[in-house]
Amino acid sequence: MQRFLRLSVLLLGLFAAASSYAADAPPPALTTEDDLGPAIEQPIEFPHFRHAGDADKGGMQINCMYCHTYARRSLVAGIPPIQKCIGCHQSIESVRETPRIKKLFEYWDAKKAIPWKKVHDLPDYVRFSHERHIKRFIFQLNRPVQEVCGYCHGNVKEMTVARRSKLLSMGWCVSCHQQDHPVTDEGGTPIGNQAYWYSMHKPPVDASGIIKAKGPNDCSVCHK
Amino acid sequence: MSVSNLLENWSDFRHTHPVDDVPHNPYKWAMSIDLDACSGCNACSVACYAENNLPVVGKDKYAHGYAMHWMRIERYWDEDGRDFPDQGAQFLPMMCQQCEAAPCETVCPVGATNHTPDGINSQIYNRCIGSRYCEANCPYKVRYFNWYDYPTTDNVWPAEMNQQLNPDVTVRGKGVMEKCTFCIQRVTVAKNNAKNEGRLVHDGEVWTACQQACPTGAITFGNLVDPESKVHKQWQAQQVELAKDAQTKDKEEGGSELRGYRIFEELRPYPSVMYLERVRESAV
Amino acid sequence: MMNSGSVKHLAGHPFDRRDFLKVLGWGGAAVALSGCGNGSVEDGKETVVSYVETNDYMIPSISVYFNSTCAQCDAGCSITGRIREGRVLKLEGNPNSAINRGKTCGLGQAGVQHHYNPDRVREPLLRNGDQGEAITWEKAYALIAEKLNGVSGEEIAFLTGGVSGHLKVLLGNYLDSFGSKNHFVYEAVGPAVLRAANKKSYGVEMPRFNINKAKVVLSFGADFLGAWISPVHFSQQYAQFRKGVDGQRGVLVQIESKMTLTGANADRWLVVRPGTEGILALGIINALGTATGDIAAAVKGYDKARVSKDTGVSAEQIDKIVALLKERTPSLVLAGSAAEGYAHGSQNAAAINLLNQVLGNVGKTVEAAAVVPFPQMAPATGNTFALKTLNDGLNAGKYKVLFSYAANPVFTAPGAMKFKDNLAKAGFKVAFTHYLDETAMQADLVLPLDSALEDWGTQVPEYMAEGAQINIQQPLMEKLHANTRGMGDILLALIKLRRADDYKKYDDYYAYLRAAVLQNKGALGGGVADDDTFWNETLSKGIIKLASAAHALSGKAGAAGLSLPAPSAIDAQYPLQLIPSVNASLRDGRNTNQPWLQESPDPLTTIVWDSWVEIHPRKAAELGIVEGDIVEVTGKNGSIKVQAYLFPGIHPDAISIPLGRGHEALGRYAKGYGVNPFQILDMVFDKETGELALHETRVKVSKTGSRVIVVKDEGPAGGSQMGKKIAARLPSDKVKLSEEVYYVG
């Protein structure tokens, strides 16, 4: 009897959930991983390919975090302050008179912030930490910066104005977090001396002593 | 997620928690509140409004019981039939007790409230469908429902006031249940900093907003599984054990001389908040 | 403009520290609505703004902290503001301040709601009929200059609340520039009688009370956990006191006619007939039997039988107190506002202070306080006598120009004083204000002030906790409104109109403040540090701690001149004593427009958003009143209608209505909620100090016939635990505190 009650409560709840969802605005159009976000007009058409692109394609291979300097120490990657742009461009005479750079100096001289549009927006109830991901993949697993940033941001080094190229939905995030990742070296020493998460279930230990665990999968880690 | 999957997880949860083979590691957040120090001044409650974006509902809605105070001070009088309360009043700060076997968690039809590995009863707002089962099942009555859209139609934070909102905490809309989270946003920041430095969170590194404000220092918060933490030492000194529904010391004849107790322990929610009984001088 | 130590120069653009506090784009960052779907995802719609230029410590999503001083009351707690993306989000206590040691009260927490308040005045307003017309500051200053032209010093009056620090210095200099001595410092509920009594008893107005060193605290209506003098400081002392000296837990006995928050925390709460606190104190001295000489003579007539009859406290209870005081030393006796609110308030306070002397507490638990060695910065403390003097002057038409700052007498003066009418007789009234409060509504010119979190300043607390300290007030974020000004900046601008040469070197109040502090660098502990370093360190700490000598306490006042009247007979027409209570969060009503405080339940009644009258259940039964009855409280000076709340913690011959509500102006969260008992107070004054005797109003209560549901937090069970162990209690002989693990949080 009790089991039945529990089940009925559950089913009722599911029904309620489903109907409230149906009552919501039209469901979002189906998207695949290849679907891009909208093309966005920015106040200055910033050429990412020129700054971060490969040398053979005319790029300068600047590290993403040279400009998006907050990414490794904050939740947000941040848009660089104009002073960062000016820091270099005040001594790059060759492009000084191009339309984009002229625009840049107009903002600088007027001491006005550039009203960039957000390209990668997450719901406001989500807490995503750039810092954690960068600490993990770049500083602990020594993966290349552009590869790591590209997990979520796509191939920005070939873009002019950045455009969203990943879903950034919860299911998309979880698809990564659900995979087993090694969290310790052989012998069980945590990689990067970090405590690992194993939620309600203790992760399996393989023969060499490496513990593999899923990424943090606790709701409250990402939902604030 | 299929129904069978849900059921499986759910029964698994009830079955495995709290048990010894899944210890809280490395964190179990808990609190102790000394009622002899608590003066009932309400600073904790206001601090909670400031930290957690709690809406001020106004007089009419307050009258309907829609107040959103995650931390409230309950005031009790002696019931000895005397003319004057000559031993003062009894104050009790009451907020979510972060039960280990939380009655609210099991009845949520959508899993919007669930247990985190570090022992907090989390509330995922965007998952909540507003069934209010959890509220009905909470013996402490510390869950609060958004009957109105406070941020928009009710305009609880008119221009400028909205600039005070804490960006680390979601502003809840209509139809969502909410409650004390042990200031999980502060815990998250502390855990993040600790991870960066390859260590665990130190005792005293995280303060809840109520604890930080409390003028008498009545509230202690920390990691119960850290043997060096103040909260651990207090629980230990008071012989209150998390996983028990009746403490051994309470079976002593003539009553225990220790002050620690948990409210509604007999209902077996295994709350994470220990209170220390108020003391009143027997000589006067 | 200054360049702070950590500031960098880039491309020839020096930074102003205030630039860092600019508000970053925060559009949807905070306000998120939950629910299904990704409703709040707006790729390409939201703007993400970055600083034009910034420095290293400003990182989006990471908080920075600046220290300042809480301005919600005059206790002078140091605060630390959490600032993110240029917005101040929360205030915490500054752990380095001896006054509050990292703690805050609810009132302090609500300081951000003063800053972000939607009802702040944003433009200078000039009266045009019953409208306020926005004008420029230039015009406002010109107007003031014009109105002051040809007016003598005696015809100018400056009304303020408590002021201290450099603002007080500047204000004094401004008044000097007219040769005016008319600075009226007014506090509606300040401890003015206590100051005078302390001066007589101990030689200083405000000694230090070491609650934490006392084993017994006998408090005559001093609500030190609620609203008395420096409640956050006393609350911390109280926590230590409860843990005890040498493991012996401190015992608190509270004697008062209406239970305060402190009374609710007492081991023994004794209800006393209103006004007989002094008699009880003398009775205790008599029963102690240790007094000699003139003190013994003075208390001779106060035998237990008489005292018990006069005060309503049983002889047995007096014996218990006496035994406790004899057994446990040192003790501490506190004279609070409840004992002082009578025509013989000074005498009550003197009798209570005498008890400290007899018990030998002076020098132990009553100690000399440290003094800031700059007397010109010491706080000008306010009282109601100043208001009375000003009111008499206004009535006589003495003042042509009146300035008012940080005081709202139209709201807080007794209605019988007719302050509002008399105010109209002043020629030109200028109000410096944050809100259009009742007084500002009567002004001819309203000048909007920066909030306390936007302004610069120094503050010297009246109650010094340990060593002397000067508190620094500094902006925690950029100004919200372009056209508000700091009070210091306004005064500087005004004084420049008078003494341009002396002040022309200061661009603004900030420059003045910096120069004034650096001028005394040596005395302020700056040593050999260079100016910039010392100044930046000072700002970073938010406090200047000073080595200073303390005034010695005299403590030998004796009983000369002590005479207490017999308890007054019950007035047949107005049989009840009205106790206007001072609530910890609303106080005199200046902060009522902060909604967190309106919604924060009164600790004792749990009522929100409204006023109430507390009536003892026995008296209520006599009068046929039940909870929620709207009753009319009538005195000689008018009546107010208010909901009844049956409250066991009050003398049956007294009723109590809290102060702070009943605003007719101030703002959307204050206006129209509750009643204002200031309006019906009787004009009775303390015989020695001339202070308004707040508790001397006699009233009667009658039912109006209507009834409401009282909006309160307590549930239908009222204060009952329904037999459950919820808030539990142990007698002290059943607990071993000395074996507990205890931390001062």
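Model, not experiment: these values are computed from the prediction.

Q: Got a minute to help me understand the overall build of chain B in this structure?
A: Along chain B, the regular secondary structure elements total eight helices and eleven strands. By the compact-globule yardstick of 19 Å for 284 residues, chain B fits well, its C-alpha radius of gyration being 20 Å. Overall, the C-alpha framework of chain B stretches about 55 × 50 × 40 Å when taken along its three principal axes. Per-residue burial over chain B gives 60% buried out of 284 residues. Within chain B, residue pairs in contact and separated by at least 24 positions form 61% of the contacts whose partners lie at least 6 positions apart.

Q: I would appreciate a short explanation of the overall build of chain C in the present structure.
A: Each helix and strand in chain C was counted, giving 22 helices and 27 strands. Computed over the C-alpha atoms, the radius of gyration of chain C is 27 Å, within 12% of the 27 Å expected from 2.2 N^0.38 for a compact globule of 745 residues. Taken over the C-alpha atoms alone, chain C extends approximately 85 × 65 × 65 Å along its principal axes. Going through the 745 residues of chain C one by one, you find that 58% of them count as buried.

Q: Any chance you could explain the pairing of strand β4 (residues 87-93) of chain C here in plain terms?
A: Residue and element names in this part refer to chain C. Within β4, seven of the seven residues are buried, which leaves it mostly tucked inside the rest of the structure. The pairing of strand β3 (residues 78-84) with β4 spans six bridges and is classified as antiparallel. Bridge pairing in β4 links G81 to L91.

Q: Got a minute to help me understand the environment of H51 of chain A in this structure?
A: Residues and elements named next belong to chain A. Along the chain, the position of H51 falls in helix α2 (residues 48-52). Taking the C-alpha atoms as reference, H51 lies 9.8 Å from E158; in sequence the two are 107 residues apart. Discounting chain neighbours no more than four positions away, the residues touching H51 are G59, M60 and I62.

Q: So what exactly am I meant to see when it comes to the sheet that holds strand β18 (residues 457-459) of chain C here?
A: In a beta sheet, neighbouring strands pair by backbone hydrogen bonds and run either parallel or antiparallel. Residue and element names in this part refer to chain C. Read across the open sheet, the three strands follow the order β18-β19-β20; overall the sheet is antiparallel. Looking at the sheet topology across the chains shown, the edges are occupied by β18 and β20 (543-546). On average, each strand axis in the sheet is inclined to that of its neighbour by 20°, with strand direction left out of account. Inspection of the sheet shows β18 paired to strand β19 (residues 468-473) by three bridges, in the antiparallel sense. Within β19, the position partnered with G457 by the bridge is Q473.

Q: Help me understand the sheet that holds strand β2 (residues 64-69) of chain C, please; the structure alone is not making it clear to me.
A: Residue and element names in this part refer to chain C. The three strands lie next to each other as β2-β3-β4, forming an open sheet whose pairing is antiparallel. The sheet is open, and its two borders are formed by β2 and β4, each paired with just one other strand. For this sheet the average axis-to-axis angle between neighbouring strands, irrespective of direction, equals 30°.

Q: When you look at unusual backbone geometry in this model, what are you seeing that I'm missing?
A: Backbone geometry follows two general trends: most residues other than glycine have a negative phi, and most peptide bonds adopt the trans configuration. At the junction of T329 of chain C and P330 of chain C, the peptide bond is cis and its omega measures out at -5° in the coordinates. For P330 of chain C, the location among the structural elements is in the loop between α11 (315-327) and β13 (331-335). A positive phi is found at R268 of chain B, a non-glycine position, where the angle reads about 60°. Here R268 of chain B is to be found in the loop between β9 (260-261) and β10 (273-276). A positive phi angle, close to 60°, is found at I229 of chain C, a residue other than glycine. Residue I229 of chain C is classed as buried on the basis of its 23 C-beta neighbours within 10 Å.

Q: Help me understand the interface of chain C and chain B, please; the structure alone is not making it clear to me.
A: For interface size, the figure often reported is the accessible area lost on association. In this assembly, 85 residues from chain C lie in contact with 82 residues from chain B. Of all the elements, helix α6 (residues 231-243) of chain C adds the most residues to the side of chain C that touches chain B, at six residues. Residues belonging to the side of chain C that touches chain B are distributed by class as follows: 45 nonpolar, 19 polar and 21 charged. When strand β11 (residues 278-280) of chain B meets strand β27 (residues 729-731) of chain C, the two strands line up parallel, connected through three bridges. Among the inter-strand pairings, R278 of chain B is bridged to a residue of β27 of chain C, identified as R729 of chain C.

Q: When you look at the packing of helix α3 (residues 137-148) of chain C against helix α17 (residues 487-498) of chain C in this model, what are you seeing that I'm missing?
A: Axes are the key here: two packed helices are described by the angle between their axes and the distance separating the axes. Residue and element names in this part refer to chain C. It is the contact of α3 with α17, at a shortest axis distance of 11 Å, that shows an interaxial angle of 45°. Put simply, α3 runs oblique to α17. Handedness of the crossing formed by α3 with α17: right-handed. In contact with Y141, I144 and A145 of α3, α17 contributes A493, L494 and L497. Broken down by class, the residue content of the contact of α3 with α17 amounts to six nonpolar, no polar and no charged.

Q: Explanation requested: the pairing of β13 of chain C in the structure shown.
A: One face of the sheet, then the other: side chains in a regular strand alternate in exactly this way. Residue and element names in this part refer to chain C. For β13, the tally of buried residues reaches five of five residues, placing the bulk of the element in the interior. Both faces of β13 are covered, namely the face carrying S331, V333 and A335 and the face carrying L332 and L334. Note that strand β10 (residues 216-220) and β13 share five bridges and pair parallel. In the sheet register, V217 faces β13, and the bridge partner there is L332.

Q: Would you mind going over the nonpolar core with me for this structure?
A: Ranked by internal contacts, the top residues of the largest apolar core, which has 303 residues, are A281, I285, V613 and V633 of chain C. The residues contacting V613 of chain C, other than those within four sequence positions of it, are V631, V633, V642, A644, Y645, I655, S656 and I657 of chain C. By size, the runner-up hydrophobic cluster in this structure holds nine residues, among which are Y70, A71, A77 and V148 of chain A.

Q: Explanation requested: helix α13 (residues 345-358) of chain C in the structure shown.
A: Turn by turn, an α-helix covers 3.6 residues, leaving residues three or four places apart pointing in a common direction. In this model, α13 of chain C (14 residues) spans 20 Å end to end at C-alpha, consistent with the 20 Å of a helix rising 1.5 Å per residue. Positive backbone phi, at 75°, marks G360 of chain C, one or two positions downstream of α13 of chain C.

Q: I'm lost on the confidence of the model for chain B in this one. Help?
A: Reading predicted coordinates in detail is not appropriate for stretches of low pLDDT. All names here are of chain B. Mean pLDDT over chain B stands at 89; residues scoring 70 or higher make up 92%. Within chain B, the element-level pLDDT minimum falls on helix α1 (residues 3-16), averaging 57, and the maximum on helix α2 (residues 43-52), averaging 97. Predicted confidence for residues 14-20 stays below pLDDT 50, and this span has eleven contacts to residues more than four positions away or in other chains.

Q: How should the confidence of the model for chain C be read in this particular structure?
A: Residue and element names in this part refer to chain C. Of the residues in chain C, 93% reach a pLDDT of 70 or more, and the chain-wide mean stands at 89. Ignoring residues within four places in sequence, the model shows residues 1-21, a span with pLDDT below 50, making 31 contacts including any to other chains. Per-residue pLDDT stays below 50 along residues 25-39; that stretch engages in 47 contacts with residues further than four places along the chain or on separate chains. Predicted complex, confidence summary: ipTM 0.93, pTM 0.92.

Q: So what exactly am I meant to see when it comes to the environment of T184 of chain A here?
A: Looking at the element boundaries, T184 of chain A is found in the loop between β2 (181-182) and β3 (212-213). Counting along the chain gives 79 residues from T184 of chain A to F105 of chain A, while the straight-line C-alpha distance between them is 50 Å.

The rules behind the values
- Residues numbered from 1 in each chain as written.
- Chains lettered and ligands numbered in written order.
- Predicted model: local features only at pLDDT ≥ 70, side-chain atom pairs only at ≥ 80, totals over all residues.
- Helix = DSSP H or I, 4+ residues; strand = E, 2+ residues; numbered from the N terminus.
- Rg over C-alpha atoms; globule rule 2.2 N^0.38 Å.
- Buried ≥ 20, exposed ≤ 12 C-beta atoms within 10 Å, placed from the backbone.
- Contact = placed C-beta atoms within 7 Å.
- Pairing = 2+ DSSP bridges.
- Axes fitted to C-alpha atoms, helices over the stretch in contact; angles between N-to-C directions.
- Nonpolar A, V, L, I, M, F, W, Y, C, P; charged D, E, K, R; others polar.
- Parallel < 35°, antiparallel > 145°, perpendicular 65-115°, else oblique.
- Left-handed = near helix turned anticlockwise from the far one by under 90°.
- Core = buried A, V, L, I, M, F, W, Y, C linked by C-beta atoms within 7 Å.
- Expected span 1.5 Å × (residues − 1).
- pLDDT = per-residue confidence, 0-100.

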